[in-house]
Amino acid sequence: MLFRSSLTFNTTDITDGVSISTPASRLLVSKTGTYNIQFSVQLSSASGNSTAYLWLTKNGLNQTYTNTGVFMQNGTNKYVAAWNFVVNLVAGDYIELVVFANGSNISILTETPTPGAGGNGNVGVPSIIATVTQIK
C-alpha cells in the first residue's frame, strides 16, 4: 500500500515571523527573505522492509531536488531523517514537509515523557521538529 501525506504540527516554541497555518501542515512566513529550513522526523517500520521519501513543497508545489529516501528494516529499529534546505520565500508563502511511503507499516513516532528515578526518565521525543529561520 502506498500513502502520501503532508506532515502536521501542533506546537510552537519560538515564533518570529513564522507560524503554523491552516491546515496544520503549512508553515507560513510573514517576511520576505531567505530561510534555512531544518527538520527531523522519527520513523519506524512495523514489519518488513520499507522506504519513506520526504521532500519540501512551497505554496503546494513540489520543490526540485528536495526528496530523500529513508530505507527501513523490520520493526525493531527507529530511524531519524534530518536535513535542511535554504529557500527564498515571499511574505505569505508557506512550506510543507511531505512524506511518501511504499508501505502502510511505516509509523512517524512520538514518545511521551515518562518519569524516571534519579532524573533518568525519558523527557519525550517529538515525531517531527522543524526550525525555520530567516537568514537574509
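Everything below is about the structure printed above this text.
Residues numbered from 1 in each chain as written. Predicted model: local features only at pLDDT ≥ 70, side-chain atom pairs only at ≥ 80, totals over all residues. Heavy atoms only, no water.

Colleague: Help me out: how do you make sense of the overall build of the chain in this one?
Modeller: Across its full length, the chain holds zero helices and 11 strands. Summarising its shape, the C-alpha atoms of the chain cover approximately 45 × 40 × 25 Å along the three principal directions. Among the 136 residues that make up the chain, the fraction classed as buried is 35%. Taking all contacts inside the chain whose residues are at least 6 apart in sequence as the whole, residues at least 24 apart take part in 70%. Carbon and sulfur atoms make up 52% of the accessible area of the chain, which totals about 7800 Å². Between the averaged position of the 6 positive side-chain charges in the chain and that of its 5 negative side-chain charges there is a distance of 8 Å. (Helix = DSSP H or I, 4+ residues; strand = E, 2+ residues; numbered from the N terminus. Buried < 20%, exposed > 50% of the residue type's maximum accessible area, 1.4 Å probe, protein only. Contact = heavy atoms within 4.5 Å. Areas by Shrake-Rupley, 256 points an atom, 1.4 Å probe, with all protein chains shown as cover. Lys, Arg positive; Asp, Glu negative; His and termini not counted. Charge placed at Lys NZ, Arg CZ, Asp CG, Glu CD.)

Colleague: What's the story with the layout of surface pockets in this structure? I'm lost.
Modeller: Where empty space is left can be seen by rolling a probe of water-molecule size over the atoms. Approximately 680 Å³ is the volume found for the largest pocket. Contributing to the lining of the largest pocket are 26 residues, with Thr12, Asp13, Ile14, Ala130 and Thr131 lying nearest its centre. Among the elements of the structure, strand S2 (18–20) and strand S11 (128–134) are those that each provide at least two residues to the lining of the largest pocket. Looking at the lining of the largest pocket, the element that brings in the most residues is S11, giving seven residues. In terms of residue class, the lining of the largest pocket is made up of 11 nonpolar, 12 polar and three charged. (1 Å grid on protein atoms, 1.4 Å probe; cavity = no way out; pocket = protein on both sides within 12 Å on 5 of 7 lines; lining within 4 Å. Points joined across faces, edges and corners; volume = space filled by probe spheres on them. Nonpolar A, V, L, I, M, F, W, Y, C, P; charged D, E, K, R; others polar.)

Colleague: Before we go on, may I ask you to explain the environment of Thr34 in this structure?
Modeller: Along the chain, Thr34 falls in strand S4 (residues 33–45). For the pair Thr34 and Ile135, spaced 101 residues apart in sequence, the C-alpha separation works out to 5.7 Å. Those residues within four positions of Thr34 in sequence are excluded, and the remaining contacts are Val86, Val87, Asn88, Thr133, Gln134, Ile135 and Lys136. Engagement of the side chain of Thr34 in a polar contact is seen with the side chain of Asn88, the distance being 2.6 Å. (Polar contact = N/O pair within 3.5 Å; in protein donor to acceptor, adjacent residues only side chain to side chain.)

Coordinates in, geometry out; function isn't part of it.
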